[in-house]
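Observations on the model geometry
Below, each chain spelled out in residue letters.
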Amino acid sequence: MGGTGSGRHVGRPIAENAYSIDIAHLCRSGFAVVGSYISGTLQWKSDGEQLACIRFECDMRDLNDSNLALQFTFLDRSTGDRRERRQVFGLVFTEPHFGGRRWWIECPLNGLRCQKLYCPVGAATFASRASWQLGYQSQRESACYRPYTKLQKLQRRLGSRVGYDAPLQRPKGMWRTTFARHKARHELLRIECENELSRAIERNLA
C-alpha cells in the first residue's frame, strides 16, 4: 500500500504523505455511530483522482466494547505479491467537562489513545503518528518560508486566491466578526512575509 506523494523523501516520513484515518471525521461523516454497526469503504483522493480505497467495519453497538476494523491489500516487497491485511482497533471515549463524548482509537503499536491513525509510504500498518515517529512538512521548512506557508493555508481555507498580494475574501455565510479575526491574522502573516523578504534582500546584498 503506497501513500500520497510516494517516492524518495529526505529525512523521516511526514504525516502529510501518509494515509490517515481520523476518528472525529468518521463520527462527523456518519461512519461511526454509537449503537450501530456500519461497514463500507474509505477513499483517499488527490485532485479528484482516487489514490486508495479500503474496507472498514465500525462496531459501536456496545459502548464499552467498540472497535474499528480495516481490511486492505498491500504489496509484499519481499515476494512482490499482493497480500490481504486486516487490523482491528479498540475505540474508547472520554467525557469532557462541557458534555458529550470524545472518541479515541487505541494504537496497536503502543496501546495509547490517539485521534488519528497513519499508514506511511510503503507501509502496511495503521498506527499513531508517535509510533511511526512522523514529522510534519512545516518542520522541514526553513523559518523564512513558514509565514508564506501559513498565509497560503489561510487563503485556501477561506477559498481565496493564493498569493502574497492576494486579498482575503469573506466566504459566503461567514460571520463578519469571524472573518475580522481571520483578516487580522492574514495581515500579521503578510507583515511577517514582508519582514522575511527584507531580510532575504539584505542577506543577498551583504
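The structure under discussion appears in the preceding block.
A short tour of the structure in this document, coming up.

Moving on to the pairing of strand S6 (residues 102–106). Residues in a regular strand project their side chains so that they alternate between the two faces of the sheet. Summarising the sheet, strand S5 (residues 81–94) and S6 pair through four bridges and their orientation is antiparallel. For Val-92, the partnering residue across the bridge sits in S6 and is Trp-104. With two bridges joining them, S6 and strand S7 (residues 113–114) adopt antiparallel strand pairing. Bridging across to S7, Glu-106 finds its partner in Arg-113. In this structure, the hairpin formed by S6 and S7 is closed by a connection of six residues, where Gly-111 is found at a positive phi of approximately 75°.

We now examine the environment of Arg-101. Looking at the secondary structure, you find Arg-101 in the loop between S5 and S6. If sequence neighbours within four positions are ignored, Arg-101 has contacts with Val-34, Leu-63, Phe-93, Thr-94, Glu-95 and Pro-96.

With that settled, consider the packing of aromatic side chains. A full pass over the atoms with the stated rule returns three aromatic pairs. With a centroid separation of 5.1 Å and an interplanar angle of 55°, the aromatic rings of Phe-93 and Trp-103 are classed as tilted. Linking Phe-93 in strand S5 with Trp-103 in strand S6, this pair joins segments that are ten residues apart in sequence. Taking the relative accessible area as the measure of exposure, Trp-103 reaches 8% and is therefore buried. Taking NZ or CZ as reference, Arg-101 lies 5.3 Å from the ring centre of Phe-93, over its face. Seen from the ring of Trp-104, Arg-113 lies directly overhead, with NZ or CZ sitting 5.1 Å from the centre.

What counts as what
Residues numbered from 1 in each chain as written. Predicted model: local features only at pLDDT ≥ 70, side-chain atom pairs only at ≥ 80, totals over all residues. Heavy atoms only, no water. Pairing = 2+ DSSP bridges. Helix = DSSP H or I, 4+ residues; strand = E, 2+ residues; numbered from the N terminus. Contact = heavy atoms within 4.5 Å. Phe/Tyr/Trp six-rings, centres within 6.5 Å; stacked < 30°, edge-to-face > 60°. Buried < 20%, exposed > 50% of the residue type's maximum accessible area, 1.4 Å probe, protein only. Lys NZ or Arg CZ within 6 Å of the ring centre and 35° of its normal.

The values reported here are purely geometric and, on their own, carry no functional implication.
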